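Observations on chain architecture
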Amino acid sequence: MYIQYYDSPLGKMLLAADEIGLIGVWFENQKYYANGLKEPIEEETAVLKETKEWLNLYFKGKEPKALPNMHLIGTQFQKKVWQLLLKIPYGKTMTYKDIARMISPSMSAQAVGSAVGHNKISILIPCHRVIGSNSSLTGYAGGIEKKEKLLDIEGKYE
């Protein structure tokens, strides 16, 4: 398990990868920060270098095209939700309820919210693009202020 630090315009971030791919991108002190990291080595790997390049483009207000290889670690349900988050286009938002309905007509928005909240790969898996039914900027492990700034970068809340 390998880590690198990244100084973003919104604060210091921790990037983590294993032999398969990127496993985590967290803002310092966010909820679930570094959750699951065991004996990490601070070393730049190819995927961590790609992630930094992706973030550099993103924070310049450009839409990065290709994602680095990712290794999603979570329950089957969480992975399903995270895969749906990847389909939310840059600069667009979707509600928790919309995502729940994509899974099942009876799925609760709260269950989706829990899975979204446990996303370990912030920004690249765009949990910041998920909003409340009344368009409120609800729930973001990195903090609502960061969520708003990320959406500003994408031209959503300018």
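Residues numbered from 1 in each chain as written. Predicted model: local features only at pLDDT ≥ 70, side-chain atom pairs only at ≥ 80, totals over all residues. Heavy atoms only, no water.

**Digging into the environment of glycine 74**
Secondary-structure assignment places glycine 74 in the loop between α1 (46-59) and α2 (76-85). In contact with glycine 74, not counting residues within four places along its chain, are Lys79 and Trp82. (Helix = DSSP H or I, 4+ residues; strand = E, 2+ residues; numbered from the N terminus. Contact = heavy atoms within 4.5 Å.)

**Points about the pattern of salt bridges**
A complete count under the given rule lists four salt bridges for this structure. A salt bridge links glutamate 63 to lysine 65, with the nearest nitrogen and oxygen atoms 3.9 Å apart. With relative accessibility at 70%, the residue lysine 65 sits in the exposed group. (Salt bridge = Lys/Arg side-chain N within 4 Å of Asp/Glu carboxyl O. Buried < 20%, exposed > 50% of the residue type's maximum accessible area, 1.4 Å probe, protein only.)

**Remarks on the sheet that holds strand β4 (residues 41-42)**
Pairing is mixed across the open sheet formed by four strands, whose spatial order is β3-β2-β1-β4. Two strands bound the open sheet, and with one partner strand each, they are β3 (22-27) and β4. Where strand β2 (residues 11-17) and β3 come together, five bridges link them in antiparallel fashion. Pairing of alanine 16 across the sheet is with glycine 24, part of β3. Sheet strands touched by α1: β1 (2-8), β2 and β3. Its angle to β1, the strand with the most contacts, is close to 15°. (Pairing = 2+ DSSP bridges. Axes fitted to C-alpha atoms, helices over the stretch in contact; angles between N-to-C directions.)

**A short note on the side chain of lysine 120**
Examined against the element boundaries, lysine 120 turns out to sit in the loop between α4 (109-117) and β6 (130-131). This buried residue, lysine 120, is left without a salt bridge; aspartate 18 holds the nearest opposite charge, at 9.7 Å. In this structure lysine 120 touches Ile23, Gly24, Val25, Trp26, Asn35 and Ile73, once residues within four positions along its chain are discounted. (Lys, Arg positive; Asp, Glu negative; His and termini not counted.)

**A closer look at the UniProt feature "domain: Methylguanine DNA methyltransferase ribonuclease-like" (unreviewed entry) in the chain**
Sites flagged by UniProt as "domain: Methylguanine DNA methyltransferase ribonuclease-like" (unreviewed entry) map to residues 1-63. Secondary structure across residues 1-63 comprises 22% helix and 35% strand; the distance between its end C-alpha atoms is 28 Å. (UniProt positions renumbered as here; feature names shortened; annotations may be inferred.)

**Some details on helix α5 (residues 144-153)**
Those residues of α5 that sit buried are Lys147, Leu150 and Leu151. Buried residues of α5, viewed axially, fall in a sector of 95°; they line one side. Check the buried side of α5 and you find it contacts β3, α1, α3 (96-103) and β6. In the stretch just after α5, glycine 155 is the one whose phi turns positive, near 80°. (Arc of directions from axis to C-beta.)

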